[in-house]
Amino acid sequence: MFWPGAYDPLILLLAGIAIDAVLGEMRLFFAVVPHPIVLAGRAIGFFERKLNRPHRSERSRRERGIVTVIVLVGAAAGLGAVLHWLCSQGFLGASIEALAIGILLSQRSLFQHVAAVAAALQFGGLPAGRAAVRHIVGRDPASLDGPGVARAAIESLAENFSDGVVAPIFWYLLLGLPGLFAYKMANTLDSMIGHKSERYRAFGWAAARFDDVVNLVPARLSGVLLISAAMFAGDALPGPALRIMLRDGGKHHSPNAGWPEAAMAGALGLALAGSRHYAEGPVNDPWLGDGTPLARPVDIIRALRLYGYAGLLLAGLIFGAWLAAHLRLPG
């Protein structure tokens, strides 16, 4: 976790978490300068247009998809390594690295988007709730009733706690900026081309599988963090959260999303997942949890409270690791 030099990665990580918590998406800045994820998306789009031609065979498109993942994830890791080398000395370099971490986390923006669904559903009714949830889920909002909108927001919060917060932190701790940059490229590849539609089924196969691999550990850590956070949130249930995660975490069609979603379902006394409609067709997952599927806006607020405690717990663990590594007891 540590490199020699003028800065400490754990302190930089805590600084990055703080930057994201305070500044969020930094929309004014990125209205002028392209966001790194936007640049990654442009690179993915370029490769997809050049290599995913519909006249090619399925095998050919799958092979080209594998090449795309190798090249773009490798390039992202290389860029992270160069930036780490440039930032490895002095206060200015450390500040730039902390800012890069903050930009590539999404804890605040996730909170804001999910909270917007709760507010829209509560004060604007079903049409407003559907319009708000459209920004954070891939399913067809028109197919959702009020409880469906609330469940979609809670499921997105749980899954993206792993993808947008825990996994980037995990890969930064493991491999530094190269790991963080590579993970964000892998996750963006999956979100753009890792679908089972006719267009992407072959070309995006490698992106989807690679994203599954890099999220195996973070997804399960996310579930554990949510269970632990339930011990501090007064209206959450840590015991059922653990039981439901262990029982239902593997029932989701995704090898990873079910773990934090099941923990969230158990903690809140809800049933999540179930049958859903996406652009590429229906998904018939079993319910996760023993509770009611009739989620309400207040349940979104409860989920956000649990998410907040889990984020604080994660930051506390990082700070505790720094203390354990740097403080020495007398004698």
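Below you will find a few notes about this structure.

The rules behind these values
- Position numbers for residues count from 1 along each chain, tracking the sequence in the order it is written.
- Given that the model is predicted, a residue must reach a pLDDT of at least 70 before its local features are reported, and side-chain atom pairs must reach 80 or more before they are shown or counted; all residues, however, enter totals for whole chains, interfaces and linings.
- With hydrogens and water stripped out, all remaining heavy atoms of the structure feed into the side-chain values.
- To qualify as a helix, a DSSP run of H or I must reach at least 4 residues; to qualify as a strand, a run of E must reach at least 2; elements of each kind are numbered from the N terminus.
- Three labels apply to residues, based on accessible area from a 1.4 Å probe with only protein chains included: buried if under 20% of the type maximum, exposed if over 50%, partly exposed otherwise in between.
- Pairing of N or O atoms within 3.5 Å defines a polar contact, subject to two protein rules: one partner must be a possible hydrogen donor and the other a possible acceptor, and residues neighboring in sequence count only if both atoms are side-chain atoms.
- Axes here refer to lines fitted to C-alpha atoms; in helices the fit is confined to the stretch in contact. Angles between the N-to-C directions go from 0 to 180 degrees.
- Here a residue-residue contact requires only that any non-hydrogen atoms of the pair lie within 4.5 Å.
- Under the scheme applied, nonpolar residues are Ala, Val, Leu, Ile, Met, Phe, Trp, Tyr, Cys and Pro; charged residues are Asp, Glu, Lys and Arg; polar residues are all the others, including Gly.
- Patches draw on residues past 30% relative accessible area with no salt bridge. Two like charges within 9 Å are joined, as are two nonpolar side chains (Val, Leu, Ile, Met, Phe, Trp, Tyr) within 5 Å.
- Residue exposure ignores everything except the shown protein chains as possible cover, and the areas themselves are Shrake-Rupley values with a 1.4 Å probe.
- Criterion for a salt bridge: a side-chain nitrogen of Lys or Arg within 4 Å of a carboxyl oxygen of Asp or Glu.
- The pocket and cavity definitions rest on a 1 Å grid over protein atoms only: a 1.4 Å probe that fits but cannot leave marks a cavity, an open set with protein on both sides within 12 Å along at least five of seven lines marks a pocket, and residues lining either have an atom within 4 Å of a point.
- Grid points are joined across faces, edges and corners, and a volume is the space filled by probe spheres set on the points.
- Within this scheme, the nonpolar core is defined by two criteria: the residues are buried Ala, Val, Leu, Ile, Met, Phe, Trp, Tyr or Cys, and they are joined through side-chain atoms within 4.5 Å.
- Side-chain rings of Phe, Tyr and Trp, where Trp is taken by its six-membered ring, are said to pair if the distance between their centres is within 6.5 Å; with planes under 30 degrees apart they count as stacked, over 60 as edge-to-face, and otherwise as tilted.
- Sitting over a ring, as applied to charges here, requires NZ of Lys or CZ of Arg to be within 6 Å of the ring centre and within 35 degrees of the ring normal.

## Description of the side chain of Asp 8
Logical step 1: Positionally, Asp 8 belongs in the segment before helix H1 (9-23).
Logical step 2: The exposure class assigned to Asp 8 is buried, which follows from its relative accessible area of 13%.
Logical step 3: One polar contact links the side chain of Asp 8 to the main-chain amide nitrogen of Leu 10, over a distance of 3.0 Å.

## Some thoughts on the packing of helix H4 (residues 58-87) against helix H5 (residues 90-104)
Logical step 1: Interhelical geometry of H4 versus H5 gives an angle of 145 degrees and a closest axis separation of 8 Å. Here H4 contributes Leu 83, His 84 and Cys 87 to the contact with H5, which in turn contributes Gly 93, Ala 94, Ile 96, Glu 97 and Ala 100.
Logical step 2: Looking at the contact of H4 with H5 residue by residue, the classes come out as five nonpolar, two polar and one charged.

## A few points about a nonpolar patch on the surface
Logical step 1: A cluster of nonpolar side chains, namely Val 213, Leu 216, Val 217 and Leu 221, defines an oily patch on the protein surface of about 310 Å² accessible area.
Logical step 2: At three residues, helix H9 (residues 216-230) tops the list of elements feeding residues into the nonpolar patch.
Logical step 3: Position of Val 213 among the secondary structure elements: in helix H8 (residues 205-214).

## Comments concerning the pattern of salt bridges
Pairs may arise between side chains of opposite charge once their charged atoms sit close together.
Logical step 1: A full pass over the atoms with the stated rule returns 16 salt bridges.
Logical step 2: In this structure, Arg 209 engages Asp 212 in a salt bridge whose closest nitrogen and oxygen atoms are separated by 3.1 Å. One end of the pair, Arg 209, and the other, Asp 212, are both in helix H8, three residues apart, so they sit about a helical turn from each other.
Logical step 3: Salt bridges linked by common partners bring Asp 235, Arg 296, Asp 299, Arg 302 and Arg 305 together as one network.

## A short note on the layout of surface pockets
Logical step 1: Considering only enclosed or pocket space, the second largest pocket measures out at about 470 Å³ in volume.
Logical step 2: Partitioned by chemical class, the residues of the lining of the second largest pocket number 19 nonpolar, no polar and one charged.

## Points about the nonpolar core
Logical step 1: Ile 154, Leu 189, Met 264, Ile 300 and Leu 306 are the most contacted members of the largest nonpolar core, which totals 93 residues.
Logical step 2: Excluding its chain neighbours within four sequence positions, the residues that come into contact with Leu 306 are Leu 226, Ala 229, Ala 230, Ala 233, Ala 236, Met 264 and Ala 267.

## Details of the packing of aromatic side chains
Logical step 1: Enumeration over the complete set of coordinates arrives at six aromatic pairs.
Logical step 2: Where Phe 46 meets Phe 47, the ring centres are 6.0 Å apart and the plane angle is 80 degrees; that geometry is what we call edge-to-face.
Logical step 3: With a centroid separation of 6.0 Å and an interplanar angle of 15 degrees, the aromatic rings of Phe 319 and Trp 322 are classed as stacked. With Phe 319 and Trp 322 both in helix H12 (residues 297-326) and three residues apart, the pair spans about one turn of that helix.
Logical step 4: We classify Phe 319 as partly exposed; its relative accessible area is 40%.
Logical step 5: The rings of Phe 111, Phe 161 and Tyr 307 are connected pair by pair, giving a single aromatic cluster.
Logical step 6: Across from the ring centre of Trp 205, 4.5 Å away, lies the NZ or CZ of Arg 62, which sits over that ring.

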